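Chain and residue survey
Here's the letter readout for the chains.
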Amino acid sequence: MNETICVLDVNIDNCSAKQAMKASVEYMSTAVTNVVELVTIETLMCVRDKPDLRKAIEQSDLVLPAQTEILEAAGIADVRHMQEIKTQVYLKMYLKYLHKNHSRVYLLVETDEEVDRLTACMFSRYRGIQLAGAAKVAPGAGTDDMLVNAINGGEVDSVIAVLSSPVQEEFISRNRSLINARMWLGAGKAMEPIYKGRTKGGRVASFFDRLFFKREIEKNRREMQAHG
């Protein structure tokens, strides 16, 4: 699982959902906090002019593409891999693993609505997961100590972060050495379809995200050709 792709200067692991899940199971048996990051178009666009953020992402133990456009940008057209990403196979496998093993989980979100919807999703589809708590995360380090204490006090197996970039990446970069969880899953907005569904507003936002991303990829290619 050493094969990587590079999109907008970010190195991303190119592996199947099964391979990613195998690594995640291994992470869940360790004593340190392992970080898995699901990279979205939003993340890559946010990283463009932020080398520190790029470094934080690449310090993750596993960096996975969350949208098919990322594979396309890297010139990968494997139908099976595309379908796995489109249907969020890895994310669903991980949630089922937590459910099966009655794992303790802490949720990090941005809004009260996300707390309600995520909690309802867990209770209806993954009842075996033990929710140790959920908290809203705001930009900046002002509440880090309180959140870290809440996570550690819950004696959790996994933290699932459903945060926008760069809030998600900056939080774990600052606090990785302080968190006592076996695995941090930076699911970001890639998890929205699972607990929120594909709303009309979400589809519109997604369309423009994809449009700007494709323009940025083309611009990057032209610049590489000009300097090549």
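Let me begin by describing the structure that accompanies this report. As the structure is a computational prediction, the values presented were derived from the model and not from experiment.

1. Quick look at unusual backbone geometry
Here the bond from S165 into P166 is cis, since omega is 5°, no more than 30 degrees from zero. Relative to the assigned elements, P166 resides in the loop between β7 (158-161) and α9 (167-175). Positive phi outside glycine occurs at L8, with the angle close to 50°. Summarising the element assignment, L8 is placed in the loop between β1 (4-7) and β2 (10-13). Positive phi values are uncommon outside glycine, yet E155 reaches one of about 45°. Take E155: it is sitting in the loop between α8 (144-153) and β7. Look at E155 and you get exposed, because its relative accessible area is 64%.

2. Focus: the sheet that holds strand β4 (residues 62-65)
Two orientations exist for strands paired in a sheet by backbone hydrogen bonds: parallel and antiparallel. Here we have 6 strands laid out as an open sheet, ordered β4-β3-β8-β7-β5-β6, and parallel in their pairing. Unpaired on one side and paired on the other, β4 and β6 (130-136) mark the two borders of the sheet. Strand-to-strand twist across the sheet, computed as the mean angle between neighbouring axes with direction ignored, equals 15°. Alignment of strand β5 (residues 104-109) against β6, held across 6 bridges, turns out to be parallel. Looking at β6, one finds that Y106 is bridged to G133. Contacts from helix α7 (residues 112-125) reach β5, β6 and β7, with the element oriented near 150° to β5. The strands touched by α8 within the sheet are β5, β6 and β7, with β5 carrying the most contacts at an inclination of about 160°.

3. Description of the environment of I172
Relative to the helices and strands, I172 resides in helix α9. Look at I172 and you get buried, because its relative accessible area is 6%. Separated by 169 residues in the primary sequence, I172 and E3 have C-alpha atoms spaced 24 Å apart. If near-sequence neighbours (up to four positions away) are discounted, I172 is found in contact with V35, I179 and W184.

4. Some words on the environment of V137
In this fold, V137 is placed in the loop between β6 and α8. The class for V137 is buried, based on a relative accessible area of 7%. Here the alpha-carbon distance between V137 and N180, two residues 43 residues apart in the chain, equals 18 Å. Sequence-distant contacts of V137, that is, excluding residues within four places in its chain, are made with L108, V109, E110, L147, L163, V167 and F171.

5. Notes on the pattern of salt bridges
The final tally for this structure, using the stated rule, is 7 salt bridges. A salt bridge links D61 to R176; its shortest N-O distance comes to 2.6 Å. One end of the pair, D61, is in the loop between α3 (51-58) and β4; the other, R176, is in the loop between α9 and β8 (183-186), with 115 residues separating them in the sequence. Among the residues examined, D61 registers a relative accessible area of 31% and is labelled partly exposed. Between E114 and K189 there is a salt bridge, with its nearest N and O atoms 2.9 Å apart.

6. Focus: the pairing of strand β3 (residues 34-39)
With 6 of 6 residues buried, β3 is to be regarded as a mostly interior element. Covered by surrounding structure in β3 are N34, V36 and L38 together with V35, E37 and V39, the residues of both alternating faces. Alignment of β3 against β8, held across 4 bridges, turns out to be parallel. Of the residues in β8, the one forming a bridge with V35 is W184. Looking at chain direction, β3 and β4 are connected through 4 bridges and run parallel. From the neighbouring strand, V39 faces β4, where its bridge partner is P65.

Criteria and thresholds
- Residues numbered from 1 in each chain as written.
- Predicted model: local features only at pLDDT ≥ 70, side-chain atom pairs only at ≥ 80, totals over all residues.
- Heavy atoms only, no water.
- Helix = DSSP H or I, 4+ residues; strand = E, 2+ residues; numbered from the N terminus.
- Buried < 20%, exposed > 50% of the residue type's maximum accessible area, 1.4 Å probe, protein only.
- Pairing = 2+ DSSP bridges.
- Axes fitted to C-alpha atoms, helices over the stretch in contact; angles between N-to-C directions.
- Contact = heavy atoms within 4.5 Å.
- Salt bridge = Lys/Arg side-chain N within 4 Å of Asp/Glu carboxyl O.

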